[in-house]
Amino acid sequence: MTTARTATLLLFSVLFAAPGVHSGAQPAAAQSAPIAIVGGKLLTVSHGTIENGVLVMVDGKIAAVGEAGKVTVPSNATVVDAHGLTVYPGLIDPDSTLGLTEVAADEMSNDLSEPSDEIMPHMHVADAFHAETELIPVARLNGVTNAVVAPGTQDSVAGQDIFIQLTAGNRDQLILGRDVALAMNFGAEQRRRGGRGSSQFPSTRMGLITQLRQNLLDAQHYEAGKEAAKKKASEKVGDKDSGKGPDKPEERDLKLEALLPYLHGERPVVVGVYEGYDVETIMKVAAEFHLKVILNHVTHSQEVLDEIAAWKVPVIVGPIYDLPRANERFDAVYTLPAELARRGVKVAISSAEAGGPGGAHTVRNLPYAAGFAAANGLPYDDALKAITLNVAEMFGFGDKLGSLDVGKMANVVLANGDPLDVRTDVKQVYIQGVAQPMISRQTRLREEYSK
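Residues numbered from 1 in each chain as written. Predicted model: local features only at pLDDT ≥ 70, side-chain atom pairs only at ≥ 80, totals over all residues. Heavy atoms only, no water.

K.L.:
Requested: an account of the overall build of the protein chain, with residues and values cited.
P.N.:
A tally of helices and strands in the protein chain yields twelve helices and 16 strands. Among the 451 residues that make up the protein chain, the fraction classed as buried is 53%. Accessible area of the protein chain: about 20,700 Å², with a carbon and sulfur share of 52%. (Helix = DSSP H or I, 4+ residues; strand = E, 2+ residues; numbered from the N terminus. Buried < 20%, exposed > 50% of the residue type's maximum accessible area, 1.4 Å probe, protein only. Areas by Shrake-Rupley, 256 points an atom, 1.4 Å probe, with all protein chains shown as cover.)

In structure tokens form, the structure reads like this:
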């Protein structure tokens, strides 16, 4: 092999994490021996900062947290000296494609969208999730312990999200919640434009909304038919003289069935939308069908922020690095989290890339997106909540994750500085009380080729 070719292959191996290589980490498991982290600065998220604190982890959960001298350290605990370090809950990315893509340029490693139809609520991210992705260890090394994994944004209704834990193991060990939310999108990207004269439907925003409304109505009709059939069947059971044989098994429609929990408000619908006028349009449909909405992106929606606050819906902001439009201030996107928080909106921040939706390669940059928001007016405590507790609460994990509280999962990060500062290095990550190997494909390559 030539020297030039060797160098080229090495460059690609560093830039693009190849699938199928494992980090060597073991699946998170219950911890029998207690671990006590002592002397660190605890950012609890839920109840302020403890400058000289103690955190005790037992059986994968936080057993005690408080000031040094006020927390009893078990005699059999493994003591971790955290003097000079900052201790905080594992970070949570609310919008990623981890495990659905590995190398963007390689279609064989991409399972982002099902392009055969615009409305695909019966697509389940859990069925395509690749737990062995090399991008999980990369994100974990920067303090990200959990993430929402969503399908791509090409479809109006793209499928159902999962909530994962960034440890090692098979998909069942990583997935904490299946079908936690329905991914919905509305805007220019979802139109089936095609070439000149293309007759694909829907090719306009009118078509997108019409198709969505019709599917929601069909789901309501489908449910009403099922209820009527069930009632009729129960009446037949009570009619001993009917003399009729068994009815034909009822046919199921997986697409319409998948919409029912969301029509009942049992789970949230995450609506990806960028423009203010698109936000208004999709929210009218959401109100019509009583959907439980989490707005996503709203990047260029500054003119409707008061309306968003009035709707009392949470918002995921990202990408925060997007360029402003010609009619916007230079910092319109940067200050968006601050403006929403000032209006009382619960804000989460994602690692979404500039100009696009959530990704997989940028998850490791999640803390810096929150830091950027803090530098542009979002109060620091709110910025930290936007990548921890607020995300956990939006997706139904607020009682398990997102803060350093007794009884929650021991997903804990130790770092040598402020978690939102790019100069900070993460020293150790615990997931369910288990110390994770601080290695990834990138660190292994660095060590190998820096000898």
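From this point, the discussion proceeds with the structure in view.
K.L.:
For the environment of Glu250, give the residues involved together with the corresponding values.
P.N.:
Mapped onto the fold, Glu250 is located in the loop between helix H4 (205-237) and helix H5 (254-263). Put simply, Glu250 and Lys226 are 24 residues apart on the chain and 8.4 Å apart in space, counted from C-alpha to C-alpha.

K.L.:
Tell me about H5, residues and numbers included.
P.N.:
For H5, the buried fraction is high: nine of the ten residues fall into the buried class. Taken residue by residue, H5 has Lys255, Leu256, Glu257, Ala258, Leu259, Leu260, Pro261, Tyr262 and Leu263 as its buried positions. Of the residues flanking the start of H5, the one acting as N-cap is Asp253, its side-chain oxygen 3.1 Å from the backbone nitrogen of Lys255. Once H5 finishes, Gly265 follows within two positions and takes phi at roughly 75 degrees, a positive value. (Polar contact = N/O pair within 3.5 Å; in protein donor to acceptor, adjacent residues only side chain to side chain.)

K.L.:
Before we move on, could you go through the environment of Val54 and cite the residues and values that matter?
P.N.:
Mapped onto the elements, Val54 comes out in strand S2 (residues 49-58). As a C-alpha pair, Val54 and Ala82 span 28 residues in sequence and 9.1 Å in three-dimensional space. Sequence-distant contacts of Val54, that is, excluding residues within four places in its chain, are made with Ile37, Val38, Leu42, Ala64, Val65, Gly66, Ala68, Val71 and Val73. (Contact = heavy atoms within 4.5 Å.)

K.L.:
Before we move on, could you go through the packing of aromatic side chains and cite the residues and values that matter?
P.N.:
The full count for this structure, using the stated rule, is three aromatic pairs. For the pair Phe163 and Phe397, a centre-to-centre distance of 4.1 Å together with 15 degrees between the ring planes defines the contact as stacked. Of this pair, Phe163 sits in strand S8 (residues 157-165) while Phe397 is found in the loop between helix H11 (389-394) and strand S14 (412-415), placing the two residues 234 residues apart along the sequence. With respect to class, Phe163 is no different from Phe397; both count as buried. Between Tyr321 and Phe372 the ring centres are 5.2 Å apart and the planes differ by 65 degrees, which places this aromatic pair in the edge-to-face class. Highlighted residues: Tyr321 in the loop between strand S12 (315-317) and helix H8 (336-342) and Phe372 in helix H9 (residues 366-375), separated in sequence by 51 residues. Aromatic ring contacts, followed pair by pair, group Tyr321, Tyr334 and Phe372 into a single cluster. (Phe/Tyr/Trp six-rings, centres within 6.5 Å; stacked < 30°, edge-to-face > 60°.)

K.L.:
Quick one: what's the story with the side chain of Ser403, residue by residue and with numbers?
P.N.:
Along the chain, Ser403 turns up in the loop between H11 and S14. One polar contact links Ser403 to Asp405, side chain to side chain, over a distance of 2.5 Å. The residues touching Ser403, leaving out its near neighbours within four places in the chain, are Thr44, Val45, Ser46, Ile62, Pro89, Leu389 and Lys408.

K.L.:
Requested: an account of the side chain of Asn142, with residues and values cited.
P.N.:
Within the secondary structure, Asn142 sits in the loop between helix H2 (135-140) and strand S7 (144-149). Look at Asn142 and you get buried, because its relative accessible area is 14%. A polar atom in the side chain of Asn142 sits 3.1 Å from the side chain of Tyr368. Residues within four places of Asn142 in sequence aside, it is in contact with Leu91, Arg364, Pro367, Tyr368 and Val426.

K.L.:
With reference to specific residues and values, describe the nonpolar core.
P.N.:
Of all hydrophobic cores here, the largest spans 82 residues; its most connected members are Leu98, Ile164, Leu295 and Ile308. Ranked by residues supplied to this core, first place goes to H4 with six residues. Looking at this core, you find at least three residues from each of domain 1 (1-90 + 402-451) and domain 2 (91-218 + 251-401). Apart from residues lying up to four places away in sequence, Leu295 is in contact with Val271, Val273, Val279, Met283, Ile308, Val313, Pro314, Val315 and Ile316. Leu42, Met57, Val65 and Leu414 belong to the second largest nonpolar core, which has 17 residues in total. (Core = buried A, V, L, I, M, F, W, Y, C linked by side-chain atoms within 4.5 Å. Domains from an automatic or database assignment.)

K.L.:
Can you explain unusual backbone geometry? Please cite residues and give values.
P.N.:
Peptide bonds are trans in most cases, and residues, glycine excluded, mostly fall at negative phi. Residue Pro202 is bonded to the preceding Phe201 through a cis peptide linkage, with omega at 0 degrees. Tracing the backbone through its elements, the reader meets Pro202 in the loop between strand S9 (175-185) and H4. Following Gly318, the chain continues to Pro319 via a peptide bond in cis, the omega torsion being 5 degrees. The phi dihedral of Val298 falls on the positive side, at around 40 degrees, and the residue is not glycine. Inspection of the secondary structure puts Val298 in strand S11 (residues 293-300).

K.L.:
I'd like a rundown of the sheet that holds strand S6 (residues 91-96), residues and numbers included.
P.N.:
Reading across the sheet, the eight strands line up as S6-S7-S8-S9-S10-S11-S12-S13 and stay open at both edges, with mixed pairing between neighbours. In the strand order of this sheet, the two ends are held by S6 and strand S13 (347-349), each with one partner. Each strand axis lies, on average, 30 degrees off the axis of its neighbour in the sheet, ignoring direction. When S11 meets S12, the two strands line up parallel, connected through three bridges. (Pairing = 2+ DSSP bridges. Axes fitted to C-alpha atoms, helices over the stretch in contact; angles between N-to-C directions.)

K.L.:
Account for the pattern of salt bridges, naming residues and giving values.
P.N.:
Overall, the coordinates contain 21 salt bridges when judged by the stated rule. Close ionic contact of Glu134 with Arg444 constitutes a salt bridge, the shortest N to O distance being 3.9 Å. With Glu134 in the loop between S6 and H2 and Arg444 in helix H12 (residues 441-449), this pair connects stretches of sequence that are 310 residues apart. Take Glu134: its relative accessible area is 1%, and that puts it in the buried class. In this structure Arg444 comes out as partly exposed when scored by relative accessible area, which is 29%. (Salt bridge = Lys/Arg side-chain N within 4 Å of Asp/Glu carboxyl O.)

Shape is all these values report; function is a separate question.
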